[in-house]
Structures are given as structure tokens and as C-alpha cells.
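Next come the chains, spelled out residue by residue.
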Amino acid sequence: MRTEDTSEPAAATITPYEDGPLLVRGDFELVTPDGERIDARRSTVALCRCGKSGLKPFCDGTHKAINFRAGTTREG
């Protein structure tokens, strides 16, 4: 966890969107629990947080249809 500013930027940033996906930007690698690489095909991806996407691990917008609710902070 980064707790203070450093001279080096993070390789990737992950932003939780309220009631939506996790947006991952930057230099990252996605892998399965078995360590197999998942081809993201771009440097910014939206990852499913609701668990209902038909494109897992990627978001397909289903969170809107199921009225998924999640905050943007650890508290809610």
C-alpha cells in the first residue's frame, strides 16, 4: 500500500467506480488463479465487481441492470 508520495509513479492505478467496475490503468498483467495470463489487449480495462458480467473478469455493464451498489472507499 502506498502511504506517501514518492518520486516514482505507480506502475498501475486501480480506481473503484461507485456502483460500478474497478478501472485499471497503466502497466499491469492480469492472470488467472492458476497463473495463466489473461490478454487485456489495452492499457485501461474495467474489471467486474458485481460478479454477474458475461465477460469476466471484465465488466460488461450488467451492474446497471442488477442495480449493483458499492462505494468507492474501503468503508462503503
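Each remark here, short or long, concerns the structure printed above.
Quick summary incoming for the structure in this document. (Residues numbered from 1 in each chain as written. Predicted model: local features only at pLDDT ≥ 70, side-chain atom pairs only at ≥ 80, totals over all residues. Heavy atoms only, no water.)

Glancing now at the overall build of the protein. Helices and strands together make up the secondary structure of the protein, namely 1 helix and 5 strands. Each helix (α) and strand (β) of the protein, taken in turn from the N terminus, gives the series β-β-β-β-β-α. Per-residue burial over the protein gives 22% buried out of 76 residues. The long-range fraction of contacts in the protein, counting pairs at least 24 apart against all pairs at least 6 apart in sequence, stands at 25%. Counting every atom, the protein has about 6,000 Å² of accessible surface; 48% of that belongs to carbon and sulfur. (Helix = DSSP H or I, 4+ residues; strand = E, 2+ residues; numbered from the N terminus. Buried < 20%, exposed > 50% of the residue type's maximum accessible area, 1.4 Å probe, protein only. Contact = heavy atoms within 4.5 Å. Areas by Shrake-Rupley, 256 points an atom, 1.4 Å probe, with all protein chains shown as cover.)

With antiparallel pairing, the 3 strands of this open sheet are ordered in space as 1-2-5. A single partner strand is all that each edge strand has here, and the edge strands are strand 1 (12–16) and strand 5 (44–47). Recorded for the sheet is a direction-independent mean angle of 20° between the axes of neighbouring strands. By the bridge criterion, 4 bridges tie strand 2 (residues 22–26) to strand 5 in an arrangement that is antiparallel. Directly across from Arg25, in strand 5, lies its bridge partner Thr44. (Pairing = 2+ DSSP bridges. Axes fitted to C-alpha atoms, helices over the stretch in contact; angles between N-to-C directions.)

Here the focus is the nonpolar core. The biggest cluster of nonpolar side chains holds 5 residues, and these are Val24, Leu30, Ala40, Val45 and Leu47. Val24 has contacts with Thr13, Ile14, Ser43, Thr44, Val45 and Leu47, leaving out every residue within four places of it along the chain. (Core = buried A, V, L, I, M, F, W, Y, C linked by side-chain atoms within 4.5 Å.)

Further remarks concern the pattern of salt bridges. Per the counting criterion, the structure on display carries 4 salt bridges. In this structure, the salt-bridge partner of Arg37 is Asp39, at a minimum N-O distance of 4.0 Å. Among the charged side chains, a salt-bridge network with shared partners connects Glu29, Arg37, Asp39 and Arg41. (Salt bridge = Lys/Arg side-chain N within 4 Å of Asp/Glu carboxyl O.)

Honestly, that's just the spatial picture; any functional story needs more than this.
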